[in-house]
Amino acid sequence: MRTRFAPSPTGFQHIGGFRTAFFAWALAKHFGGEFILRIEDTDQERKVEGAVSFILDELAWFGIEIDEGPGKEELEKLGERSAHLPKGGRHGPYIQSLRLPKYKAAAQKLIETGFAYRCDCTPEMLEKERAEQMARREVPGYSGYCRTREVPEDKPHVVRFKMPHKPKLSMQDAVKGLVSWDNPPLRDPVLLKSDGFPTYHLAVVVDDHEMEITHVMRGDEWLPSTPIHLLLYQAFGWEAPVFAHLPVILGEDGKKLSKRHGAPTSRELREKGFLPEAIFNFVMLIGWSPGGEQEVFTKDEIVRLFSLDRVNNASGVFLQSKLEWMNGKYIRDLTSEEFYKRVREFSPEIDSIKSKFLELSPHLQERAKTLLEIPSMIEFLTDKKISREWDKVIKKDVTKESAASLLNELKVLISELSGFEIEILDKSVREFAEKKGLKVGAVFPLLRIATLYTSATPPLFESLHVLGKDQVLRRIDEAVRELLL
Ligand code: GLU
């Protein structure tokens, strides 16, 4: 089993783009096979700098190991740099722009066997032909003018595939089932361009064959191209791989997920504090399910359970709320130490409050959907000057003066406590409120803003406990001064 991920570096893939990679990887690993990364950069005009490194870095972040793929030298030739270098491999290069002689030789072979021909029609001629076809309401396409001409090799030319007359084709797609084409509307497509670059059709067939790919997994927008590929396999006399065309991913509005549509890239999700293992799990379940109710799976479980016959032929939906739920679940399942390590990536300054952070971490993990929410939740543990959200508590019926006097009473209460355990704090502040005939809702928020500055913090008494008595008393004093200023 050899599968591949063959992205074109024309931009920074949104997260749905990686689903193909994850599925192909899971399939290969399920069967103990190899997963290959190939860069399809035949469209040099649409190439985006940094896109190859992006793909390598993101796959590494997801923990997707590549068995074969562009090596160091290949990347250097492309001017790309990545901290995560795949090891190259026996079928290299794995970047199509570095494989041009192979495509040229393949095109030459097809010319010699009569399956392809040189064409020197100028863009003007093709444009004219097209306009005439449109006027006749025909499907536009090359007329085949050069099929019977002898175009010398040294004249600028393209190489075209000689499409068989009215072909009938079918294949057993591993996801879509039997797909048939009766005379697909394809007219002698270009295989090799005049600049020596192959088109996608030639390159993909040559490479999948040479790289011994057994299963081609790709988005079903490539299904209409598949007849050309099947015919090319026939022309070369090669066995075609198994195709598995994956249905599109829809956004919540029912439209195809796309970057333009606001679908995030994995890097954007990373910056927002999503965990790679949560994204991986979430993306794997778009269009695949092993059956049953379980939704949270380790990578190993996924590899063990993955099978093509459970890939859904209907389009899957990218549900942001489900991703958040999944992320929250993964955050809760981290050990405190691991959680600390992950948050540290967002906020290295937590080093100075590590033990307090660890003490509070179960409460933080309970609350957070993303890691990015954490730094602001624990700012109260640092020495940072943070302005208190007074507007949350000073309202029409609560004046600054009345708030200050209540805080002064709380200060006395707290300073006289014999211990500073969570239960003691909780009980005495509740009793205090009761004695004064106040609702806890009138006391807790005030105490929270005075000592923890904001309303978005872990639970009040747990936080006060971690902060420590001296600090709590000092902050109440400071809050009172602020109110009476
Ligand atoms: N290079 C194509 C892309 O970027 C993939 C085509 C294929 O997998 O055959 O989507």
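Definitions and cut-offs
- Residues numbered from 1 in each chain as written.
- Predicted model: local features only at pLDDT ≥ 70, side-chain atom pairs only at ≥ 80, totals over all residues.
- Heavy atoms only, no water.
- Buried < 20%, exposed > 50% of the residue type's maximum accessible area, 1.4 Å probe, protein only.
- Helix = DSSP H or I, 4+ residues; strand = E, 2+ residues; numbered from the N terminus.
- Pairing = 2+ DSSP bridges.
- Axes fitted to C-alpha atoms, helices over the stretch in contact; angles between N-to-C directions.
- Near = heavy atom within 4 Å.
- Polar contact = N/O pair within 3.5 Å; in protein donor to acceptor, adjacent residues only side chain to side chain.
- Areas by Shrake-Rupley, 256 points an atom, 1.4 Å probe, with all protein chains shown as cover.
- Nonpolar A, V, L, I, M, F, W, Y, C, P; charged D, E, K, R; others polar.
- Expected span 1.5 Å × (residues − 1).
- Arc of directions from axis to C-beta.
- Contact = heavy atoms within 4.5 Å.
- Lys, Arg positive; Asp, Glu negative; His and termini not counted.
- Salt bridge = Lys/Arg side-chain N within 4 Å of Asp/Glu carboxyl O.

## Considering helix H7 (residues 226-236)
Inference 1: Across the 11 residues that make up H7, a large majority, 10, are buried.
Inference 2: Turning to H7, its buried residues number three or more, namely Thr226, Pro227, Ile228, His229, Leu230, Leu231, Leu232, Tyr233, Ala235 and Phe236.
Inference 3: One or two positions beyond H7, positive phi appears at glycine 237, with a value near 80°.

## Some words on the sheet that holds strand S3 (residues 116-119)
Inference 1: Within the open sheet, the 3 strands sit side by side as S3-S4-S7. Their pairing is antiparallel. Each having just a single partner strand, S3 and strand S7 (190-192) make up the two edges of the open sheet. On average, each strand axis in the sheet is tilted by 45° relative to the strand beside it, whichever way the strands run.

## Focus on the site of the ligand
Inference 1: All residues in the neighbourhood of the ligand are listed as Arg4, Ala6, Pro7, Ser8, Glu40, Tyr200, Val204, Arg218 and Trp222.
Inference 2: With respect to the ligand, the backbone of alanine 6 contributes an N or O atom lying 2.8 Å from a nitrogen atom.
Inference 3: With respect to the ligand, the side chain of tyrosine 200 contributes an N or O atom lying 2.7 Å from an oxygen atom.
Inference 4: In the complex, the protein chains occlude 84% of the 300 Å² of accessible area that the ligand would expose alone.
Inference 5: Here the shell around the ligand is composed, by residue class, of 5 nonpolar, 1 polar and 3 charged.

## What to know about helix H4 (residues 100-112)
Inference 1: Relative to the 18 Å expected for 13 residues at 1.5 Å per residue, H4 spans 19 Å between its end C-alpha atoms, a close match to the ideal helical length.
Inference 2: Turning to H4, its buried residues are Tyr103, Ala106, Ala107, Leu110 and Ile111. Taken around the axis of H4, the buried residues stretch over an arc of 145°, which confines them to a single face. Facing away from the buried side of H4 by over 90 degrees, the exposed positions are Pro101, Lys104 and Glu112.
Inference 3: In this fold, the buried residues of H4 make contact with S3, strand S4 (158-161), S7, helix H6 (200-210) and H7.
Inference 4: Just downstream of H4, glycine 114 is the residue with a positive phi angle, here 85°.

## Considering the environment of alanine 105
Inference 1: With respect to the helices, strands and loops of the structure, alanine 105 is situated in helix H4.
Inference 2: A C-alpha to C-alpha distance of 51 Å links alanine 105 and phenylalanine 346, two positions 241 residues apart in sequence.

## Notes on the pairing of strand S9 (residues 242-246)
In the case of a regular strand, side chains alternate between the two sheet surfaces.
Inference 1: Where burial is concerned, most of S9 is hidden: 4 out of the 5 residues are buried.
Inference 2: With 5 bridges connecting them, strand S8 (residues 215-219) and S9 associate as parallel partners. Bridge pairing links valine 216 to phenylalanine 243 in S9.

## A look at the side chain of arginine 160
Inference 1: Among the secondary structure elements, arginine 160 is positioned in strand S4.
Inference 2: One buried charge, arginine 160, has no salt-bridge partner; the nearest side chain with opposite charge is aspartate 188, at 6.5 Å.
Inference 3: Polar side-chain contacts of arginine 160 include one of 2.9 Å to the backbone oxygen of aspartate 188.
Inference 4: In this view, arginine 160 contacts Phe115, Ala116, Tyr117, Cys119, Leu126, Tyr142, Asp188, Pro189, Val190 and Leu191; residues no more than four positions away in its chain are not counted.

Just geometry here; none of it tells us what the structure is for.
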